[in-house]
Amino acid sequence: MTVPRKVVAGNWKMNHGPEEAREFPLGLNIGDNVTAHVLLFPPALALAGLRAGLESAGLAQRVHLGVQNVHAEDSGAFTGEISAPMAAAAGARYVLVGHSERRHVFGETDGDTLQKVAAVLRSGLTPVLCVGEKLGEREADRVEEVILRQLDAVLGSDTIRSKVASGDAPFLLAYEPVWAIGTGRTATPDDASAAHQALRNHLVERLGSSVGRAVPILYGGSVKPDNAGELMEAPEVDGVLVGGASLDPDGFSRIIQAA
Ligand code: PEP
């Protein structure tokens, strides 16, 4: 099972409630000429509203849904959390794991991302694993070390690696340098390509050539309608993960059209 390229994914973070989510698709402009695989990650409470809005707008087959986070357990006494089976039952197909805000605001560790990817795959959902270095790590020339460590924290598991390497479980990667997220500072296409190339080589090493080359690697970090096209043309950039600019349906549509 492979995910088509290019991928354009929108992460709404803690923005847009059920009503705004229901209305959002009315402003989307996804013509028949659009080939991008479009994903949206609304807050979990807005998923049903967005799903209903996509259905009324005739876009339910064009825009695929995901959640921004799940707990590693399937159920239990974890107040405030949602699980992967619940997300699947609510219509999500994708789950962001290891987003920089989860890692650096909520203190998630590499071990947590491993457990969460395992939960996501167990429920038949597709993980979008986010990796990225902080500014100090880039300045200390540690980009590859950090992002490959974050990737290996997950692919180091024999169970996960063999599941993904078999080709049965789609897997996406997002390179999101922490210093570029929500800051208006974007990596240059060359910087993005260099990080993506390192990730690609590692994926091929760990998963074999065919699956390793099929995993889409998205770039995220202050992607806007006016820089999305040039980033998506850069070698090894298979799409974008968009935060702030995905909140406005018109701007998000322009990014989708640039893919
Ligand atoms: C993100 O949330 O993944 C992101 C890249 O945010 P922004 O586009 O706002 O930098």
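Residues numbered from 1 in each chain as written. Predicted model: local features only at pLDDT ≥ 70, side-chain atom pairs only at ≥ 80, totals over all residues. Heavy atoms only, no water.

(A) Fine view of the overall build of the protein chain. Helix and strand content of the protein chain: twelve helices and eight strands. Taking 2.2 N^0.38 as the reference for a compact globule, 259 residues should give roughly 18 Å; the C-alpha atoms of the protein chain span a radius of gyration of 17 Å, in line with that estimate. Relative to its full complement of 259 residues, the protein chain shows a buried share of 52%. Restricting to contacts in the protein chain with at least 6 residues of sequence separation, those with at least 24 account for 74%. Accessible surface for the protein chain amounts to roughly 11,100 Å². Of this, 50% is attributable to carbon and sulfur atoms. If you average the places of the 23 positive and of the 32 negative side-chain charges in the protein chain, the two averages end up 3 Å apart. (Helix = DSSP H or I, 4+ residues; strand = E, 2+ residues; numbered from the N terminus. Rg over C-alpha atoms; globule rule 2.2 N^0.38 Å. Buried < 20%, exposed > 50% of the residue type's maximum accessible area, 1.4 Å probe, protein only. Contact = heavy atoms within 4.5 Å. Areas by Shrake-Rupley, 256 points an atom, 1.4 Å probe, with all protein chains shown as cover. Lys, Arg positive; Asp, Glu negative; His and termini not counted. Charge placed at Lys NZ, Arg CZ, Asp CG, Glu CD.)

(B) Spatial organisation of the pattern of salt bridges. Counted by the stated rule, this structure contains 16 salt bridges. For Glu205, the salt bridge is made with Arg206, and the minimal N-O distance between the two is 3.6 Å. You can call Arg206 partly exposed: its relative accessible area is 29%. Through salt bridges that share partners, Arg102, Glu108 and Lys116 make up one connected network. (Salt bridge = Lys/Arg side-chain N within 4 Å of Asp/Glu carboxyl O.)

(C) Structural view of the pairing of strand β8 (residues 239-242). Here β8 shows a buried face lined by Gly239 and Leu241 and a second buried face lined by Val240 and Val242. As paired strands, strand β7 (residues 217-220) and β8 are joined by two bridges and run parallel to one another. When the sheet's bridge partners are listed, Gly220 is paired in β8 with Leu241. (Pairing = 2+ DSSP bridges.)

(D) Looking closely at the sheet that holds strand β3 (residues 63-67). If you walk around this closed barrel you meet the eight strands as β1-β2-β3-β4-β5-β6-β7-β8, and the pairing is parallel. Put simply, the sheet's adjacent strands are angled 25 degrees from each other on average, direction ignored. Note that strand β5 (residues 126-131) and strand β6 (residues 172-175) share four bridges and pair parallel. Its bridge partner lying in β6, Val131 is registered against Tyr175. The sheet strands contacting helix α2 (residues 47-56) are β2 (37-41) and β3, and the helix crosses β3 at an angle near 175 degrees. (Axes fitted to C-alpha atoms, helices over the stretch in contact; angles between N-to-C directions.)

(E) Molecular detail of the site of the ligand. In the vicinity of the ligand lie 14 residues, with Lys13, Glu176, Gly182, Ser222 and Gly243 positioned nearest. Here His99 contributes a side-chain N or O atom positioned 2.9 Å from an oxygen atom of the ligand. Within the backbone of Gly244, an N or O atom sits 2.9 Å from an oxygen atom of the ligand. Starting from 290 Å² of accessible surface for the ligand in isolation, the protein chains cover 97%. (Near = heavy atom within 4 Å. Polar contact = N/O pair within 3.5 Å; in protein donor to acceptor, adjacent residues only side chain to side chain.)

(F) Representation of the packing of aromatic side chains. Per the stated rule, a full pass over the model turns up two aromatic pairs. With 6.4 Å between their ring centres and 55 degrees between their planes, Tyr175 and Tyr219 make a pair best called tilted. Of this pair, Tyr175 sits in strand β6 while Tyr219 sits in strand β7, placing them 44 residues apart in sequence. For the pair Tyr175 and Tyr219, a shared accessibility class is recorded, and that class is buried. (Phe/Tyr/Trp six-rings, centres within 6.5 Å; stacked < 30°, edge-to-face > 60°.)

(G) Looking closely at the packing of helix α5 (residues 110-122) against helix α7 (residues 143-155). Closest axis-to-axis distance for the α5/α7 pair is 8 Å, and the angle between their directions is 45 degrees. In this view, α5 runs oblique relative to α7, as classed from their interaxial angle. Between α5 and α7 the crossing geometry is right-handed. Only Arg149, Gln150, Ala153 and Val154 of α7 make contact with α5, whose side of the interface consists of Asp110, Thr113, Leu114 and Val117. Per-class residue counts for the contact of α5 with α7 are four nonpolar, two polar and two charged. (Parallel < 35°, antiparallel > 145°, perpendicular 65-115°, else oblique. Left-handed = near helix turned anticlockwise from the far one by under 90°. Nonpolar A, V, L, I, M, F, W, Y, C, P; charged D, E, K, R; others polar.)

(H) Region of interest: α7. An ideal rise of 1.5 Å per residue puts 18 Å on 13 residues; α7 measures up with 18 Å between its terminal C-alpha atoms. Burial in α7 covers these residues: Val143, Val146, Ile147, Leu148, Gln150, Leu151, Ala153, Val154 and Leu155. (Expected span 1.5 Å × (residues − 1).)

(I) Unusual backbone geometry, seen in detail. In this structure, His16 is a non-glycine residue whose phi angle is positive, near 70 degrees. Here His16 shows up in the loop between β1 (7-11) and α1 (18-23). The residue Ser222 is not glycine, and still its phi comes out positive at about 55 degrees. Within the element layout of this structure, Ser222 appears in the loop between β7 and α11 (228-233).

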